[in-house]
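# Overview (structure and organization)
Read off the chains here:
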Amino acid sequence: MDDMAKRKKELISFVEVLEMGSYYGQRIDELFGRFGGVWVVDDPDNERKLAEDLQRRLQRARENAGEILALVVELVRFQPWGTR
């Protein structure tokens, strides 16, 4: 798992423990998109494919960063601050 995948997982794990987190975690996961693919063990193109996959994921994260941030901010209003 690369750094970007770890950060995605950490964000979604954090969001999911909050009130309404399962909904918002799912939406954020969709905006990031799925990582990886099917890799053939002895394929000499694996390194190139991995680099291309990383670039696609970075581009998708950049394109959706504003919406992802907006969802996290929106999630804050559903939190029962000081009522527990």
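Residues numbered from 1 in each chain as written. Predicted model: local features only at pLDDT ≥ 70, side-chain atom pairs only at ≥ 80, totals over all residues. Heavy atoms only, no water.

### Comments concerning the overall build of the protein chain
What counts here: For helices the rule is a DSSP run of H or I covering at least 4 residues; for strands it is a run of E covering at least 2, with both sets numbered from the N terminus onward. Exposed residues in this analysis have more than 50% of their type's maximum accessible area, buried residues have under 20%, and partly exposed residues fall in between, with area computed by a 1.4 Å probe over protein chains only. Residues count as neighbours in contact if any of their non-hydrogen atoms are within 4.5 Å of one another. Computed with a 1.4 Å probe, the accessible areas rest on the Shrake-Rupley method; for each residue, only the protein chains presented here act as cover.
Tallying secondary structure elements over the protein chain gives three helices and zero strands in all. The buried share of the protein chain, reckoned over its 84 residues, is 27%. Long-range pairs, those at least 24 residues apart, make up 68% of the contacts in the protein chain with a sequence separation of at least 6. A total of about 6,200 Å² of accessible surface is found on the protein chain, and carbon and sulfur atoms cover 56% of it.

### Describing helix H3 (residues 46-76)
Selection rule: One fitted axis covers the seven residues ending at a residue, a second covers the seven starting there, and the bend at that residue is the angle between these axes.
At Asn64, H3 is bent by approximately 55°, the largest bend along its length. Listed as buried for H3 are Asn46, Asp53, Arg57, Ala61, Asn64, Ile68, Leu71 and Leu75. On its buried face, H3 sits against helix H1 (3-16) and helix H2 (21-32).

### A look at the packing of aromatic side chains
Spelled out, the test is: Pairing of aromatic side chains requires ring centres within 6.5 Å, counting the rings of Phe and Tyr and the six-membered ring of Trp. Pairs whose planes differ by under 30 degrees are stacked, by over 60 edge-to-face, and all others tilted.
If you walk through the whole model with that rule in mind, you get two aromatic pairs. For the ring pair Tyr23 and Tyr24, a centre distance of 5.0 Å and an interplane angle of 90° mean the geometry is edge-to-face. Owing to a relative accessible area of 43%, Tyr23 belongs among the partly exposed residues under this scheme. Owing to a relative accessible area of 2%, Tyr24 belongs among the buried residues under this scheme. Between the aromatic rings of Tyr24 and Phe78, the centroid separation amounts to 6.0 Å while the plane-to-plane angle is 45°, which identifies the pairing as tilted. In this pair, Tyr24 sits in helix H2 while Phe78 sits in the segment after H3, placing the two residues 54 residues apart along the sequence.

### Details of the environment of Phe32
If you trace the backbone, Phe32 turns up in helix H2. With 26 residues separating them in the primary sequence, Phe32 and Leu58 have C-alpha atoms 9.0 Å apart. Among all residues touching Phe32, those that are not within four sequence positions of it are Met4, Lys8, Leu11, Arg60, Ala61 and Ile68.

### Here we look at H1
For clarity, the cut-off: One fewer than the residue count of a helix, multiplied by 1.5 Å, yields its expected span. Here the arc refers to the set of directions running from the helix axis out to each C-beta atom.
Its 14 residues give H1 an end-to-end C-alpha distance of 20 Å, which sits within 8% of 20 Å, the value for a rise of 1.5 Å per residue. Taken residue by residue, H1 has Met4, Ala5, Lys8, Ile12 and Val15 as its buried positions. The buried residues of H1 occupy one face: seen down the axis, they fall within an arc of 100°. Relative to its buried face, H1 has exposed residues pointing more than 90 degrees away, namely Arg7, Lys9, Glu10 and Phe14. Check the buried side of H1 and you find it contacts H2 and H3.

### Side note on the nonpolar core
The following threshold applies: As used in this record, nonpolar core signifies buried Ala, Val, Leu, Ile, Met, Phe, Trp, Tyr and Cys residues forming a set joined through side-chain atoms within 4.5 Å.
Counting eleven residues, the largest nonpolar core consists of Met4, Ile12, Val15, Tyr24, Ile28, Leu31, Phe32, Ala61, Ile68, Leu71 and Leu75. Counting only elements with at least two residues in this core, the list comes to H1, H2 and H3. The residues contacting Leu71, other than those within four sequence positions of it, are Tyr24, Arg27, Ile28 and Leu31.

All quantities given are derived from atomic positions and should not be read as evidence of function.
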